[in-house]
Amino acid sequence: MNTVEFANTGVHVSEMCLGTMMFGSRCDVAEADRILGACLDQGVNFIDTAAMYGNGETERILGQIMKGRREKLFLATKVHKGVDRRSILESIDESLARLQTDYVDLYLIHWPVEGMRPLEIMEALNQVVTQGKARFVGCCNYPAWLLAHSNAIAARNGWAPLVCNQVAYNIIERGVEVEILPQAMAEGIAITAYRPLVQGLLTGKYRWGQPLPENSRGQTSAQLITWLSQYGEGVERFIRFAEARGITPVQLAIAWVRYSPAVTSPIVGVSSLSQLQATIDAFAWDLSPEDYETVTAFFNTEVKEEGLQRFPGLRYNFPRLRRNLHLLGM
Ligand SMILES: NC(=O)c1ccc[n+]([C@@H]2O[C@H](COP(=O)([O-])OP(=O)(O)OC[C@H]3O[C@@H](n4cnc5c(N)ncnc54)[C@H](OP(=O)(O)O)[C@@H]3O)[C@@H](O)[C@H]2O)c1
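For every chain, the first residue of the written sequence is number 1, and numbering continues from 1 along that sequence. In keeping with the model being predicted, local features are shown solely for residues with a pLDDT of at least 70 and side-chain atom pairs are shown and tallied solely at 80 or more, while totals for entire chains, interfaces and linings include all residues.

Asker: Explain the UniProt feature "domain: NADP-dependent oxidoreductase" (unreviewed entry) in the protein chain to me, and be specific about the residues and the numbers.
Answerer: Taking the numbering used here, the UniProt-annotated feature "domain: NADP-dependent oxidoreductase" (unreviewed entry) corresponds to residues 15-297. Counting from the N terminus, the helices are DSSP H or I runs at least four residues long and the strands are E runs at least two residues long. Summarising residues 15-297: 44% helix, 15% strand, and an end-to-end C-alpha distance of 26 Å. UniProt positions are given in the numbering used here, feature names are shortened, and annotations may be inferred rather than shown by experiment.

Asker: So what's going on with the pairing of strand 10 (residues 263-269)? Residues and values would help.
Answerer: Every C-beta atom is placed from the backbone, and the number of other C-beta atoms within 10 Å of a residue's own sets its class: buried at 20 or more, exposed at 12 or fewer, partly exposed in between. Most of strand 10 is tucked away: 7 of the 7 residues are buried. Here, strands pair whenever DSSP counts at least two bridges between them. Note that strand 3 (residues 17-19) and strand 10 share 3 bridges and pair parallel. Residue pairing across strands places Leu18 opposite Val268, the latter belonging to strand 10. When strand 9 (residues 190-194) meets strand 10, the two strands line up parallel, connected through 4 bridges. Bridge pairing links Ile191 to Val263 in strand 10.

Asker: Summarise the packing of helix 7 (residues 222-245) against helix 8 (residues 249-258); cite the residues concerned and give the values.
Answerer: Across the interface, helix 7 lies against helix 8 with an axial gap of 8 Å and an inter-helix angle of 105°. Classified by the angle their axes make, helix 7 and helix 8 are roughly perpendicular. Residues Phe238, Ile239, Phe241 and Ala242 of helix 7 touch helix 8, and the partners they reach there are Pro249, Gln251 and Leu252. Each residue belonging to the contact of helix 7 with helix 8 can be placed in one class, and the counts come to 6 nonpolar, 1 polar and no charged. Only C-alpha atoms enter the line fits that serve as axes; for helices the fit covers just the stretch in contact. Angles between N-to-C directions range over 0 to 180 degrees. Any angle from 65 to 115 degrees is called roughly perpendicular, while one under 35 is roughly parallel, one over 145 is roughly antiparallel, and all others are oblique. Think of it this way: build a C-beta for each residue from its backbone, and any pair within 7 Å is a contact. Gly is placed with the polar residues, together with every amino acid not listed as nonpolar (Ala, Val, Leu, Ile, Met, Phe, Trp, Tyr, Cys and Pro) or charged (Asp, Glu, Lys and Arg).

Asker: So what about the nonpolar core? Which residues, and what values?
Answerer: The term nonpolar core refers to a group of buried residues, namely Ala, Val, Leu, Ile, Met, Phe, Trp, Tyr and Cys, whose C-beta atoms join them within 7 Å. Formed by 101 residues in total, the largest nonpolar core has its most connected members in Tyr107, Leu108 and Leu125. If we ignore the near neighbours within four places in the chain, the residues touching Leu125 are Ile88, Tyr107, Val137 and Ala160.

Asker: Please provide a residue-by-residue account of the sheet that holds strand 4 (residues 46-48), values included.
Answerer: Where strands meet in a sheet, backbone hydrogen bonds hold them as pairs that are either parallel or antiparallel. Around the barrel, 8 strands lie side by side as 3-4-5-6-7-8-9-10; this closed barrel has parallel pairing. Strand-to-strand twist of the sheet, defined as the mean angle between neighbouring strand axes without regard to direction, takes the value 25°.

Asker: Give me the site of the ligand: which residues, what numbers.
Answerer: A molecule or strand has a residue near it when that residue's C-beta atom, placed from backbone coordinates, lies within 6 Å of it. Among the 29 residues in the neighbourhood of the ligand, the closest are listed as Gly19, Met21, Leu197, Gly200 and Gly269. Residue classes in the shell around the ligand are distributed as 12 nonpolar, 12 polar and 5 charged.

Asker: I'd like to hear about the pairing of strand 9, residue by residue, with values.
Answerer: With 5 of 5 residues buried, strand 9 lies mostly within the body of the structure. Burial along strand 9 is two-sided: the face carrying Ala190, Thr192 and Tyr194 and the face carrying Ile191 and Ala193 are both buried. One ladder, built from 5 bridges, connects strand 8 (residues 162-168) with strand 9; its direction is parallel. Paired with Cys164 across the strands is Ala190, a residue of strand 9. We call a crossover right-handed when, viewed with both strands directed away from the observer, the connection leading from the first strand over the helix to the second proceeds clockwise. Read from strand 8 through helix 6 (residues 180-187) to strand 9, the crossover connection turns out right-handed.

Asker: Now, about unusual backbone geometry: what can you tell me, with residues and values included?
Answerer: With a phi angle near 50°, Ala7 is a residue other than glycine that sits in the positive phi range. With respect to the helices, strands and loops of the structure, Ala7 is situated in the loop between strand 1 (3-5) and strand 2 (12-14). Classification of Ala7 as buried rests on a count of 22 C-beta atoms within 10 Å. The phi angle at Val198 is positive, at roughly 55°, despite the residue not being glycine. Structurally, Val198 is set in the loop between strand 9 and helix 7.

As C-alpha cells, this is what we get:
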C-alpha cells in the first residue's frame, strides 16, 4: 500500500483509508477485528469513523479491537452533537471514552449546520488540539468558502487550522471539482474522498434492470436505488469496460477517484473481510488519461458552467453545499 503525506503536516498515512460505517450494523465485532488485522498486515493504517455511526456503537467496537494496535493507526473521528463550543468539547470526550484512547489523530466537524458560528467552532477545535485530544482538525462537507473563512479566523488567532475536507467524490458525485478540489490543491488541504464505490453501486453486483443483490445496502438505501435508476446504463458500460481491461469494477472505481491529484485518500467502506482484499488490490492499478476520458463519458455528470446554473452531477449534494450564507444565519 502506498503512503501519502497528510496535508502539509509531515505525517504520512496509507493512501487507502478504511471506512468503518458498517461496523456494528452489517459487520460484527469479530469480522471488524479481522478486517482491522488484515488492514494492518497490508499497510492500511488510516481509519475513518464517526460518533454518529450506530449512535456510538462503531466507535465502541473500534475501542475493543484497537487494543494493542492504537499506536499503529491514524484515527479520524467526527463531532456528534451540535457545533457549538460545549457540544464539541463534550463530543470529543465521549468519543475518546468509547474509542478507549487518549487522543485521535484527526477530529472533524461532520456537517456544516445552519446558524453555525465559525469563530466559536475554530476556538473550540483549537482547544481540543491544545488539550492533546486531537493532533489535527478538519471538516467534512464544507463548501470552499467556509473552509477558507474558518482558516482565516484560525490564522488571525494563531489557532489550529482545518487541514482536511472529507467530501463525497466519485464518478457520479462530482460537485467538489468546481471549487473544493482546486482549493485543496492550492492550500495544501487533504481531501479524503468518501463513497468512492457509490455505496457499492460500482462494484459489479448492481445490474440495470435486474433485481437488487440480496443482503446488500441496495435493499435499504433509497439513494442507491435512485442512482441505479438514473445511471444504470452508465453502470453497465462501466462494468463491461472493466471486464474488457481484465480488472474488477472496484479497481476501476477506485482508480477513477485516485486519478485526481487533489485526492489524498479515498475512504472505502467494506462490510466483510472478503470485500477488503479486492479493495486493497485496487490501489495498485492506475487509470491512463485515455481510459479516464472514456470511462468518465459513460456518466453525464460533468459539472457545467456555474453561470448557466446547470449542475447535473450535483443533484444530491449541491443543495446542502450551497455557497449562500444561510449557514451563518445571514
Ligand atoms: N463524512 C461524511 O459525511 C461521510 C458520509 C458517508 C460515508 N463516510 C465515510 O466513508 C466511508 C465509505 O462510504 P460508504 O460505505 O457509504 O461508500 P463506499 O465505500 O462507496 O461503499 C461501500 C460499500 O460497497 C460495497 N463493497 C465494498 N467493497 C466491495 C467489494 N469488494 N465487492 C462488493 N461490494 C463491495 C459494500 O456494500 P454492501 O455492504 O452492500 O456489501 C460496502 O458497504 C464510510 O465507511 C465512512 O467512513 C463519510
